[in-house]
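# A closer look at the structure
The residues making up each chain are set out below.
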Amino acid sequence: MRASAYPLVDAGAAGALVLDGTPVLPAERVHVGEAVGRVLAEDMRAPAELPAFPSSAVDGFAMRAAEGGATLAGELQPGTAARILTGGVVPDGADAVVMVEDVQVDGATVTVPAGLRPGTNFHRPGADVQAGELVLTKGTQLGAAELGLAAALGFAQVEVYRRPRVALMSTGDELIEVGNRPARGQITDSNRWALLAALREAGAGVTSLGIAPDEPDALRKLVVEALESADVLVTSGGVSVGTHDLVKPLLESLGTVHIGRVKLKPGKPFTFATLPDGKLAFGLPGFPVSSLVTFEVFVRPALRKLQGFNRLQRPTLPVRLAYDARAAGDRTEYQRVTLQRRGDELVAESTGSQSSSRLLSLVGAQALVRIAPGDQGVKAGTVVEAMILALP
Ligand code: AMP
Ligand code: MG
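Residues numbered from 1 in each chain as written. Chains lettered and ligands numbered in written order. Predicted model: local features only at pLDDT ≥ 70, side-chain atom pairs only at ≥ 80, totals over all residues. Heavy atoms only, no water.

## Observations regarding the overall build of the protein chain
What counts, and what does not: By the criteria applied, helices consist of DSSP H or I runs no shorter than four residues and strands consist of E runs no shorter than two, each listed in order from the N terminus. For the radius of gyration, the atom set is restricted to C-alpha positions; the globular benchmark scales as 2.2 Å times the number of residues to the power 0.38. Only protein chains enter the accessibility calculation, which uses a 1.4 Å probe; a residue is then buried when its area is under 20% of its type maximum, exposed when over 50%, and partly exposed in between. With residues, only the protein chains shown are counted as cover, and all accessible areas are computed by Shrake-Rupley using a 1.4 Å probe. Asp and Glu are treated as the negative residues and Lys and Arg as the positive ones, with His and the ends of the chain left uncounted. Lys charges are placed at NZ, Arg charges at CZ, Asp charges at CG and Glu charges at CD.
Per the secondary structure count, the protein chain includes 6 helices and 27 strands. Taking 2.2 N^0.38 as the reference for a compact globule, 392 residues should give roughly 21 Å; the C-alpha atoms of the protein chain span a radius of gyration of 30 Å, well beyond that estimate. Taken over the C-alpha atoms alone, the protein chain extends approximately 95 × 50 × 40 Å along its principal axes. Put simply, the protein chain has 392 residues, and 46% of those count as buried. Counting every atom, the protein chain has about 18600 Å² of accessible surface; 52% of that belongs to carbon and sulfur. Charge separation in the protein chain, taken as the distance between the mean sites of 38 positive and 42 negative side-chain charges, equals 9 Å.

## Things to note about the pattern of salt bridges
Where charged atoms of side chains with opposite charge meet at close range, the side chains can pair. Going by this rule: Salt bridges are defined by distance alone: a side-chain nitrogen of Lys or Arg within 4 Å of a carboxyl oxygen of Asp or Glu.
With the rule as written, the count across this model stands at 8 salt bridges. A salt bridge links Asp231 to Arg162; the shortest N-O distance between them is 3.1 Å. Here Asp231 is found in the loop between helix H4 (216–229) and strand E18 (232–236), whereas its partner Arg162 is found in the loop between strand E13 (157–161) and strand E14 (165–171), with 69 residues between them in sequence. The partner of Arg320 in a salt bridge is Glu345, with the nearest N and O atoms 2.6 Å apart. Taken together, the residues Arg320 in strand E23 (residues 316–321) and Glu345 in strand E25 (residues 345–350) connect sequence positions 25 residues apart. We classify Arg320 as partly exposed; its relative accessible area is 29%. Each of Glu177, Asp189 and Arg192 takes part in one network of salt bridges that share partners.

## A closer look at the site of ligand 1
Which entries qualify depends on this criterion: A single heavy atom is enough: if one lies within 4 Å of a molecule or strand, its residue is considered near that molecule or strand. Here a polar contact means two N or O atoms within 3.5 Å. Within protein one must be a hydrogen donor candidate and the other an acceptor candidate, and residues neighboring in sequence count only if both atoms are side-chain atoms. Only Asp, Glu, Lys and Arg are considered charged, only Ala, Val, Leu, Ile, Met, Phe, Trp, Tyr, Cys and Pro nonpolar, and every remaining residue, Gly among them, polar.
The environment of ligand 1 is formed by 15 residues, the closest being Glu174, Asp189, Ser190, Gly238 and Gly286. One of the backbone nitrogen or oxygen atoms of Asn191 is found 3.2 Å away from a nitrogen atom of ligand 1. In the model, an oxygen atom of ligand 1 is placed 3.2 Å from a nitrogen or oxygen of the Ser240 side chain. Taking 490 Å² as the accessible area of ligand 1 by itself, protein coverage stands at 81%. Of the residues in the shell around ligand 1, the class split is 4 nonpolar, 9 polar and 2 charged.

## Focus: the nonpolar core
What counts, and what does not: Definition of nonpolar core: a set of buried residues of the types Ala, Val, Leu, Ile, Met, Phe, Trp, Tyr and Cys, connected through side-chain atoms within 4.5 Å.
Core analysis: the largest hydrophobic core is formed by 39 residues, its most contacted members being Leu199, Val234, Phe270, Phe282, Phe295 and Leu303. Listing elements by their share of this core, those giving two or more residues are helix H1 (11–20), E14, helix H3 (191–201), E18, strand E20 (261–265), strand E22 (279–284) and helix H6 (288–306). When residues of this core are assigned to their parent elements, the largest contribution, 10 residues, is made by H6. Counting residues in hydrophobic clusters, the runner-up holds 19 residues, among them Ala212, Leu246, Val257 and Leu275.

## What about the environment of Ala127?
Inspection of the secondary structure assignment puts Ala127 in the loop between strand E11 (122–123) and strand E12 (134–136). Assessed through its relative accessible area of 52%, Ala127 is described here as exposed. Spatially, the C-alpha atom of Ala127 lies 53 Å from that of Leu359, the residues being 232 residues apart in sequence.

## Some points on the sheet that holds E14
Going by this rule: Whether two strands pair comes down to DSSP finding at least two bridges between them. Fitting a line to C-alpha atoms yields each axis, with helices limited to the stretch in contact; the angle taken between N-to-C directions then spans 0 to 180 degrees. In what follows, residue pairs with any heavy atoms lying within 4.5 Å of each other are defined as contacts.
With mixed pairing, the 6 strands of this open sheet are ordered in space as E17-E14-E18-E22-E21-E19. Because the sheet does not close on itself, it has two edges, and the strands there are strand E17 (205–212) and strand E19 (256–259). Across the sheet, the mean angle from the axis of one strand to that of its neighbour is 20°, orientation sign disregarded. As paired strands, E14 and E18 are joined by 5 bridges and run parallel to one another. Following the sheet pairing, Leu168 is matched in E18 by Val234. Its contacts with the sheet put H1 on E19, strand E21 (271–275) and E22, and the angle it makes with E19 is roughly 145°.

## Brief notes about H4
As a reminder of what qualifies: Between the first and last residue of a helix there are one fewer steps than residues, each counted as 1.5 Å, and that sum is the expected span.
End to end, H4 covers 21 Å across 14 residues, agreeing with the expected 20 Å (1.5 Å per residue, within 8%). Where H4 is buried, its residues meet E14, E17, E18, helix H5 (247–254), E21 and E22.

## Focus: the pairing of E13
As a general feature of sheets, a regular strand has side chains that alternate between the two faces. The buried fraction of E13 amounts to 4 of the 5 residues, a majority that puts the element mostly inside the structure. Pairing between strand E2 (residues 27–31) and E13: 5 bridges, direction antiparallel. When the sheet's bridge partners are listed, His31 is paired in E13 with Gln157.

## What about the side chain of Ser291?
Assignment of secondary structure puts Ser291 in helix H6. On the accessibility criterion, Ser291 (0% relative accessible area) is buried. Excluding residues that lie within four positions of it along the chain, Ser291 makes contacts with Asn191, Leu195, Leu284 and Pro285.

## Points about the layout of surface pockets
Counted only if it meets this: Residues are said to line a cavity or pocket when one of their atoms sits within 4 Å of a point; the points come from a 1 Å grid over protein atoms alone, cavities being sets where a 1.4 Å probe fits but cannot get out and pockets being open sets with protein on both sides within 12 Å along at least five of seven lines. Grid points are joined across faces, edges and corners, and a volume is the space filled by probe spheres set on the points.
The computed volume of the largest pocket comes to approximately 530 Å³. Every residue lining the largest pocket is counted, 28 residues in all, and those nearest its centre are Glu174, Gly237, Pro285, Gly286 and Phe287. Taken together, the elements giving at least two residues each to the lining of the largest pocket come down to strand E16 (187–188) and H6. Residues that form the lining of the largest pocket fall into these classes: 8 nonpolar, 15 polar and 5 charged.

## Observations regarding the sheet that holds strand E7 (residues 82–84)
Strand order in the open sheet formed by 3 strands is E7-E5-E8, and the pairing between neighbours is antiparallel. For this open sheet the edge positions go to E7 and strand E8 (96–99), each flanked by a neighbour on one side alone. Taking each pair of neighbouring strands and ignoring which way they run, the sheet shows an average axis angle of 35°. Note: strand E5 (residues 60–63) against E8, 4 bridges, orientation antiparallel.

In structure tokens:
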């Protein structure tokens, strides 16, 4: 199929097609010390209650609350108190701990204040977590608190989804490696570094494969080799209509191209293919903004599905446009905006020229505003739902 022959897929339908073609990766067991950012692949129930024993919240004396106001001996029979440290086992019979600052110690006797309530300064067994309680659910991302809880419950290892292994390459004879001086007509490969960052942020392990030339055999060799160990191939460039657009025919020969063009601005030439063994290929457009916007809209949700996340999409919030948003005619446009809090509202201002080569339109962008195709546009002052990248 010639590149131009691909049907233009509606942006929403394209997102659904990508997710339909994306599997969830298998799970693996990982030490709690290595699991930050990973997604739990099973529900986690507490094997036992926490605290496991009655424990003191303070340094002080364990006693019977009913005996408040009395002078007690240092043994825990009725009429006695026991010296105890924070976290220490509260002896049987005691139901309160009085802080060391609140007692008067005189030899073997302590005088305790009156009016103590049972349970004061003491954690009952099971007060924090009940045995058998569902504490973490499948699909939860593991952060500091979740990993601390898993460890507290005695889990040295957690069952998490595998991270996607992504092979990343740029394509284009005009590209040169960053740090070299471009001759006239040459362009520094920036997409690879932008996409490397975006992929890592989205939880992928990335192998960076450099710059592939606009030469079918060399490109095929690189891609076939990369796919031996990768779950996902991400390329940039080489998907628009032109003589050097080699990615689509290559993916046609390796698997099934589901999307070759999208009614999306920026990012019309976005390409998505499924390959044997559940592998995926994303052919992102060459223009820097187009590659990052299509990453946001299509690749990031797919990477999250691979990793077992419950929530695949960025959160959205209503924002009030501070500018007249022109529509792109026949394509859904994702416009880059900054956000400002004004009273109870978020106000969205354009990041300036939305040219697909102008990376500055994404630098500092805090949301993407989706403008439906048509000739209407959206007037300044209108409230629209925006995809939030970062809150002000
Ligand atoms: P293409 O889709 O290959 O025709 O590329 C479209 C535009 O994006 C051209 O101006 C390319 O020079 C530019 N471009 C392609 N790949 C990259 C890259 N890796 N880094 C920066 N710009 C690129
Ligand atoms: Mg190119």
